[in-house]
Structures are given as C-alpha cells and as structure tokens.
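In case you want the letters, here they are:
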Amino acid sequence: MQKLRQSPYLLYSNGNGEIFEDLSLYAVGRTGWDAIPVPVEDWIELPEGGSLYELPGRRGIGIDIQTGEMRLCEKGWAVAAFIPPAHTGLYIAAYETLPEAPVLPLFCYTAVSWYNDRFYVPAVRIEQDIRQECSGYDNDLIHSGVAHLVKAYPHNRLVKHLADNCCNTYHCPAARNYFMGRWECPVPSSPACNANCVGCISFQPEEESIPSTQDRLTFKPTAEEIVEFTVPHLETAPYPLISFGQGCEGEPLLMWETIRKSIIEIRKHTGKGSININTNGSKPAAVQALCEAGLNSIRVSTNSARKHIYEAYYRPNNYSFEDIVESLKVVRSYNGWASVNYFVFPGMTDSVEEYEALRKLIADTGLTMIQWRNFNIDPDWYMGKIGVHETGECIGIKQLMELIHEEFPHVKYGYFNPPMERIQGNYEKDFAHW
Ligand code: SF4
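What you see is a predicted model; the values in this text were computed from it and never measured. Along each chain, residues carry numbers from 1 onward, in the same order as the chain's sequence is written. With the structure being a predicted model, the display of local features is reserved for residues of pLDDT at least 70 and the display and counting of side-chain atom pairs for 80 or more, all residues being used for whole-chain, interface and lining totals. Think of the side-chain values as coming from all heavy atoms in the structure, minus any hydrogens and water.

## Topic: the site of the ligand
1) Next: Within the structure, the ligand sits among C193, A195, C197, C200, S202, R216, E249, G250 and N280.
2) Next: Looking at the shell around the ligand, its residues break down into four nonpolar, three polar and two charged. Consider each residue's heavy atoms; a residue with any of them within 4 Å of a molecule or strand counts as near. In this classification, Asp, Glu, Lys and Arg are treated as charged, Ala, Val, Leu, Ile, Met, Phe, Trp, Tyr, Cys and Pro as nonpolar, and every other residue, Gly included, as polar.

## Structural notes on unusual backbone geometry
1) Next: Even without glycine at this site, R315 takes up a positive phi of about 45 degrees.
2) Next: The phi dihedral of N335 falls on the positive side, at around 60 degrees, and the residue is not glycine.
3) Next: Taking relative accessible area as the criterion, N335 reaches 64% and is therefore assigned exposed. To sort residues, take the accessible area from a 1.4 Å probe on protein chains only and compare it with the maximum for the residue type: under 20% means buried, over 50% means exposed, and anything in between is partly exposed.

## Some thoughts on empty space enclosed by the protein
1) Next: Only protein atoms enter the 1 Å grid, on which a cavity is a set of points fitting a 1.4 Å probe that cannot get out and a pocket is an open set with protein on both sides within 12 Å along at least 5 of 7 lines, lining residues being those with an atom within 4 Å of a point. Grid points are joined across faces, edges and corners, and a volume is the space filled by probe spheres set on the points. Enumeration according to the criterion identifies two cavities of 30 Å³ or more in this entry.
2) Next: Roughly 120 Å³ of internal volume is contained in the largest cavity.
3) Next: Residue lining of the largest cavity: 14 residues in total, with I92, T110, V344, P346 and F375 positioned closest to the centre.
4) Next: Grouping the amino acids of the lining of the largest cavity by side-chain chemistry returns 11 nonpolar, three polar and no charged.
5) Next: In this structure, the lining of the largest cavity is formed jointly by two domains, domain 1 (9-125) and domain 2 (134-424), each of which donates at least three residues.
6) Next: L10, L11, A27, V28, G60, I61, A78, V79, A93, A94, A111 and V112 are the residues that line the second largest cavity.
7) Next: Secondary-structure elements contributing two or more residues to the lining of the second largest cavity are β1 (9-13), β7 (58-64) and β9 (77-82). As used throughout, domain bounds are those supplied by an automatic or database domain assignment. Helix numbers and strand numbers start at the N terminus; a helix is a DSSP run of H or I with at least 4 residues, a strand a run of E with at least 2.

## Focus: the pairing of β9
1) Next: Where β1 meets β9, two bridges bridge the pair, whose relative direction is antiparallel. Looking across to β9, one finds that Y12 is bridged to A78.
2) Next: The rule for pairing is simple: two strands pair if DSSP sees at least two bridges between them. Pairing of strand β6 (residues 51-55) with β9, which is carried by five bridges, proceeds in the antiparallel orientation. Each residue of the ladder has a partner; that of Y53, found in β9, is A80.

## Some details on the packing of helix α7 (residues 307-314) against helix α8 (residues 321-333)
1) Next: Contact pair α7 / α8: the axes reach a minimum separation of 9 Å and the direction vectors enclose 105 degrees. Comparing their axes, α8 and α7 come out roughly perpendicular. Across the interface between the two elements, K307, Y310 and E311 from α7 touch F321, E322 and I324 from α8.
2) Next: Looking at the contact of α7 with α8 residue by residue, the class counts come to three nonpolar, no polar and three charged. Axes here refer to lines fitted to C-alpha atoms; in helices the fit is confined to the stretch in contact. Angles between the N-to-C directions go from 0 to 180 degrees. In this scheme, roughly parallel covers angles under 35 degrees and roughly antiparallel covers those over 145, while 65 to 115 is roughly perpendicular and the rest are oblique. Note on definitions: a residue-residue contact is assigned when non-hydrogen atoms from the two residues lie within 4.5 Å.

## Things to note about the sheet that holds strand β11 (residues 92-93)
1) Next: An order of β4-β3-β11 is seen for the three strands of this open sheet, with the pairing classed as antiparallel. One side of each edge strand has no neighbouring strand; the edge strands of this open sheet are β4 (34-36) and β11.
2) Next: Note: strand β3 (residues 29-31) against β11, two bridges, orientation antiparallel. From the neighbouring strand, R30 faces β11, where its bridge partner is I92.

Next up, the structure:
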C-alpha cells in the first residue's frame, strides 16, 4: 500500500463512463456543505472491491496547483468512490450541483483521487473481519450451494427467496456466505415497517425519483421455515451466526412473535453460534421478549445520536428516539451484545453536537460496539430532506473515533456483527485469517 507524500489529483468523467485525472487540480473532500483540503496522510489506496461513479450534473471542486485557490473542474462531471465494506470514508466527494442534476441513487459517495497510476480515497479500515472481501467469494461454490440447499428445503419460501432474490439477483454478500456454508446467515422476516426512512433501501415512495436497491419481502415466513435452515447453519458453519433484519425487508420487530418462537425452537436443537437482530429498535418490550427467548445480540441502525436528526430521517410511526435507546439498554440488561449501525456522514457525524450526543448514548446504554458504516445516500438530498443547512463546528471523523475510543476503550469498533467466538473470546484476535 503506497503512502502519499503530496496531495493527489482530482478525477473527472467525460459523461460516457470514462474517467480522467486533472493534473491542474489537487483533490479535496466534503464535510457537510463545505469543500475542504484532505490531510495527505488520510488518503489510502482504493481497496479491492471498491468502484467509481460519475456524478451527472455535478462539477468537481479542487485546489488549483498554481494559485492554491479552490475552483471547479469544468472538464467534465465529478467522480466519487464506493468504498468496500470494512472501510469507513472520512470525506464525501466535493462538487457543485447544477440545478437540473438528478438525485443520486442509494450508494455512498466518498471522495476519490489519482496519483502515480493509482486511485486514492480518504478512509480507514475499521474492521479486520474478512467476511465480505470480494476476493473471498467462489461462484462455483455458491452455485452448488444454492442448488444443494434449495433441493434440501423444497418447500421453504425463505430459502427460495435467499437463493433467487438475495443471492442470484442482488448478490447480497450475507446470502452468498450462507450458500457457501459459512459465517453470518441472513434471516429476513418482515414485509412491513413502522418507520419511513428517507433513504430506505427496500422501499421508496412513488413520488421519489430514485429506486430502492432491493424489493421488500412479500410474505411472512413461519417459525418452522426459519428453524428448518438456520439450525443446520448454526451447527455446521465456521464462526456461525444468524441475523434477523436484512436490507430486503421492513422491520423485523413487527414479526417478534414469530422470531421469538423461532429462537426458542432453535435453542432446543443447538446452543451453537450467535442469534442477532438488525433492527430500528422501535419496540423495547418485544426486544425484552426476544432476550428472554435467547437473543444474543442486537444491532440498532441510526443516522444520529440526536433525537431531532434521527426523527427527521426515520420519520417513525408510533415510536420515538427514546425507544431505540431503551432497546439497547434492554439487551445490555441481559448481558447481550449491543451495537449501533452508525450511518457515518462527514459533517454530521463528526459535529461537536453529535459527538456530545454519542457520548451520552454510549454512557446511557452501556453500548458494546459501534459499526461505523458508510451512509448510502445522495448528500445534498439527505441534508435537504432533514432540513440541515448549517452543520456547526466539526472535529473530523478520524478524531471523533479517537476521542470516543479514549473515553470508552471497552467499546469495540467494526463493520459487522461479531460471532460468539469474538463476543465471548478475544475480540481483537486476528480475524484476517479465519
Ligand atoms: S427501518 Fe429499515 S425498512 Fe424501515 S424504513 Fe427504515 S430502512 Fe426502510
């Protein structure tokens, strides 16, 4: 991995998917609504599995190598990077949006640059776990796994959904791991949701111009269907865990009775692995019932530790920010593992106000882990939708991570739900070689 000694150059696209470097401009980054220089040491080579986007109707912003002034690149459209899982972006791509520009689809738009025949991004590897490394997927094994498991469970609608939709259509990394017989197995269960997230990846209202990245589940699986394929997975997979709450469904807590029944039945057959739920955390009483049944860990998704920012984005039906805090507390009261799926947005996540709110959330809940996830959303659209025109003072994502770690060294950092071996064992153990 080559470290830079100077600022790299801006990239632009010719609008036909071809990308070029502009050697007259140094690349910069964006935080909130502002374009700012990126410290040279924050750039890392674009990790394997990353991809590049041209941003139609947007002009890139850079620093003129002669004058040192910030100016637009008029040679083409701006370019951004989608950085692969396990890495957290420190700055958004910096550009000026033209009036007729379309809203961008639900991906993350990290700053990207060029130097010495390599692409660079301002990011950190936050997770050593290799479960979603693209080089680790074997298509032949996946195909034979799909054929074998669909044949093994001919009447199981959920296994068919995971095969046809998740694995073969959306190429979901979790579903592909399931069909390779390893690690985390996804268990979607809910066709409905009690929130209306601006950037929902499984449902976008007609009036919005962007598509959801996957379609929502259309049926309610039974506990029998869930137990049938999850028990063998927990029994046979290395570092096994199953996770309710996936991108292709609504809110799993709306199906808590079925999930509770499933957990009780699963634990009658095996004590192996971890049973996790990815959720919006809206129903603490249901979470308590699941803990009573044997739930091991929870991951509550949030764009912010601040009530007004959270509710402006989630637009909750009949629940409030206080409920998600309570759900985290409930799991900790059962000595379960409690994570936040923290949507990182430079300029919002690292504002001083958010930092103070995050400190309070950790202290109030006894939080175990922060999963620093890149926020997959058009930055202008997001800020406009939640009504943020001024972000206030910011400290930088990297410094935020360091300050929180200093004050709460027991809080683990990562990108994925840990298996029981990590929860109960040496969390820092080198998981780069499973
Ligand atoms: S909680 Fe999940 S499923 Fe519900 S609206 Fe938000 S993103 Fe969509």
